[in-house]
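Below are the chains, spelled out letter by letter.
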Amino acid sequence: PRDNRSMAMAEEQLATLSAAAPAWRESSAAERVALAAEVLSKVHEDEWSRAGDWVARETELNLIAAADRAVPGATVRFVFGSILSDWLKTYIAATSGRESLARMEEDAADGSS
């Protein structure tokens, strides 16, 4: 039953994204930056990290016992928030025409630049 409920929720969310795609496609860069900035402010408010039971479900998925979930749960929230925050900042900078990432002083260790 839980898997069916999760699948139904995922399908509903994908349908919502699909329905919004034409409006996103037609939006201006300024509108997209404004939306990304709004999402970034919500990420920094941190209410999202305690919404619902997604952290508990994530740690359960990783087979972490309920009694041991506090630290991994905090780590999941921190890592996810950091990745999302950095991506949004990069998107805003790139879409606004500013350089998004600091240039490396020298070539990367793998030979890329």
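Up top is the structure.
This one's a predicted model, so the numbers in the text were calculated from it and none came from an experiment. Residue positions are given per chain, counted from 1 along the sequence in the order it is written. Per-residue local features of the predicted model are confined to residues with pLDDT of at least 70, and side-chain atom pairs are confined, for both listing and counting, to 80 or more; whole-chain, interface and lining totals are unaffected and use all residues. The basis for the side-chain values is all heavy atoms of the structure; hydrogens and waters are excluded.

**Re the packing of aromatic side chains**
Right, on to step 1. Paired rings are identified among Phe, Tyr and Trp, the last through its six-membered ring, by centres lying within 6.5 Å, and are further divided according to the angle between planes into stacked (under 30 degrees), edge-to-face (over 60) and tilted (the rest). Throughout the structure, instances matching the rule amount to 1 aromatic pair.
Right, on to step 2. Taking 5.2 Å as the distance between ring centres and 10 degrees as the angle between the ring planes, the aromatic pair formed by tryptophan 87 and tyrosine 91 counts as stacked. Here tyrosine 91 and tryptophan 87 lie together in helix H4 (residues 70-95), a separation of 4 residues that amounts to about one turn.
Right, on to step 3. Judged by relative accessible area, which is 53%, tryptophan 87 ranks as exposed.
Right, on to step 4. Look at tyrosine 91 and you get buried, because its relative accessible area is 18%. A helix here means a DSSP run of H or I that spans at least four residues, while a strand means a run of E at least two residues long, and both kinds are numbered starting from the N terminus. Exposed residues in this analysis have more than 50% of their type's maximum accessible area, buried residues have under 20%, and partly exposed residues fall in between, with area computed by a 1.4 Å probe over protein chains only.

**Things to note about the nonpolar core**
Right, on to step 1. Joining through side-chain atoms within 4.5 Å is the link that ties buried Ala, Val, Leu, Ile, Met, Phe, Trp, Tyr and Cys residues into a set, and such a set is a nonpolar core. Among the nonpolar cores identified, the biggest contains 7 residues, and these are Val33, Ala36, Leu40, Val43, Leu88, Tyr91 and Ile92.
Right, on to step 2. When contributions to this core are tallied by element, the ones reaching two or more residues are helix H2 (29-45) and H4.
Right, on to step 3. A per-element tally of this core places H2 first, with 4 residues.
Right, on to step 4. In this view, isoleucine 92 contacts Val33, Ala36, Ala37, Leu40 and Arg98; residues no more than four positions away in its chain are not counted. Throughout, a contact is declared for two residues whenever any of their heavy atoms are within 4.5 Å.

**Looking at the side chain of arginine 32**
Right, on to step 1. Relative to the assigned elements, arginine 32 resides in helix H2.
Right, on to step 2. Among buried Asp, Glu, Lys and Arg side chains, arginine 32 stands out as unpaired, with glutamate 31 the closest opposite charge at 6.9 Å.
Right, on to step 3. Separated by 2.9 Å, the side chains of arginine 32 and serine 27 make a polar contact.
Right, on to step 4. Excluding anything up to four places from it in sequence, arginine 32 contacts Trp24, Arg25, Ser27 and Tyr91. Charge counting treats Lys and Arg as positive and Asp and Glu as negative, with His and both chain ends excluded. Think of a salt bridge as a Lys or Arg side-chain nitrogen and an Asp or Glu carboxyl oxygen that are within 4 Å of each other. Polar contact is defined as a pair of N or O atoms within 3.5 Å, subject to the rule that within protein one atom must be able to donate a hydrogen and the other to accept it, and that residues adjacent in sequence are counted only when both atoms are side-chain atoms.

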